[in-house]
Amino acid sequence: VAEDLIASGLCQPSTLGIRGGSNGGLLVGNMLTMRPDLFGAIHCAVPLLDMKRYHTLLAGASWMAEYGDPSTDDWKEFLNRYSPYHNIDPKASYPPILITTSTRDDRVHPGHARKMVQKMNDLGEGKWPVYYYENIEGGHGGAADPKQSAFMTSLAWDFLWNTLSKKESV
């Protein structure tokens, strides 16, 4: 879809953003590591990012039928290829990313987001704009009430708007 939007002239990579949460966080995490050239900004919310250890955290073990079992050959056969945490390339150029999570997420452990931010900061040595927000309340939706939900939503759209509007438009 991103390639088609760019090829059709509707936008260019510097003005195209992507946003996803939970399993969608895994999707946008993979877009970050596999196709960073397509996007000017990424919002990754309550994300599943460490596919080697996901099954040891919270509800992760219940997802092994869907994703595979990283303690078997599944890791080397396919899981390692779509584990964003394990595919950060220190030589790559990544677009600005906002990673958000909730301390009390009972489905996707906030450790996925925390580890990803730390690794990007360590490997990127400050060259990648990595932003992080962790709500101490809420659950998998990232917010405990409508006020927090509005804040989290406005945080995401503010990041995308301010990041993408600073780019040259088509």
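Every value quoted in this text rests on a predicted model; they were computed, and no experiment measured them.

Colleague: Tell me about the pairing of strand S3 (residues 97-102), and please be specific about residues and values.
Modeller: Judged by how many residues are buried, S3 sits mostly within the fold: six of six residues are covered. Burial of the side chains of S3 extends over both faces: Ile97, Ile99 and Thr101 are buried on one face and Leu98, Thr100 and Ser102 on the other. Alignment of strand S2 (residues 41-45) against S3, held across four bridges, turns out to be parallel. Looking at the pairing, Ile42 lines up with Ile97 of S3.

Colleague: I'd like a description of the pattern of salt bridges, backed by residues and values.
Modeller: What the rule picks out here adds up to six salt bridges. Note that Glu3 and Arg35 form a salt bridge whose closest N and O atoms lie 2.5 Å from each other. Of the two residues, Glu3 sits in helix H1 (residues 2-7) while Arg35 sits in the loop between helix H2 (23-34) and S2, which places them 32 residues apart along the sequence. On the basis of relative accessible area, Arg35 is assigned to the partly exposed category, the value being 27%. The partner of Arg35 in a salt bridge is Asp37, and the shortest N-O contact between them spans 2.8 Å.

The rules behind the values
- Along every chain, residues carry numbers that run from 1 in the direction the sequence is written.
- Local features in a predicted model are, by the rule used here, given only for residues with pLDDT of at least 70; side-chain atom pairs are given and counted only at 80 or more, and totals for whole chains, interfaces and linings are based on all residues.
- Calculation of side-chain values draws on the structure's entire complement of heavy atoms; hydrogens and water are dropped beforehand.
- For each residue, the accessible area found with a 1.4 Å probe, counting protein chains only, is set against the maximum for its type, and the residue is called buried under 20%, exposed over 50%, and partly exposed in between.
- Strands here are runs of E lasting at least two residues and helices are runs of H or I lasting at least four, both read from the DSSP assignment and numbered beginning at the N terminus.
- Any two strands with at least two DSSP-identified bridges between them are counted as paired.
- Throughout this description, the term salt bridge denotes a Lys or Arg side-chain nitrogen within 4 Å of a carboxyl oxygen of Asp or Glu.

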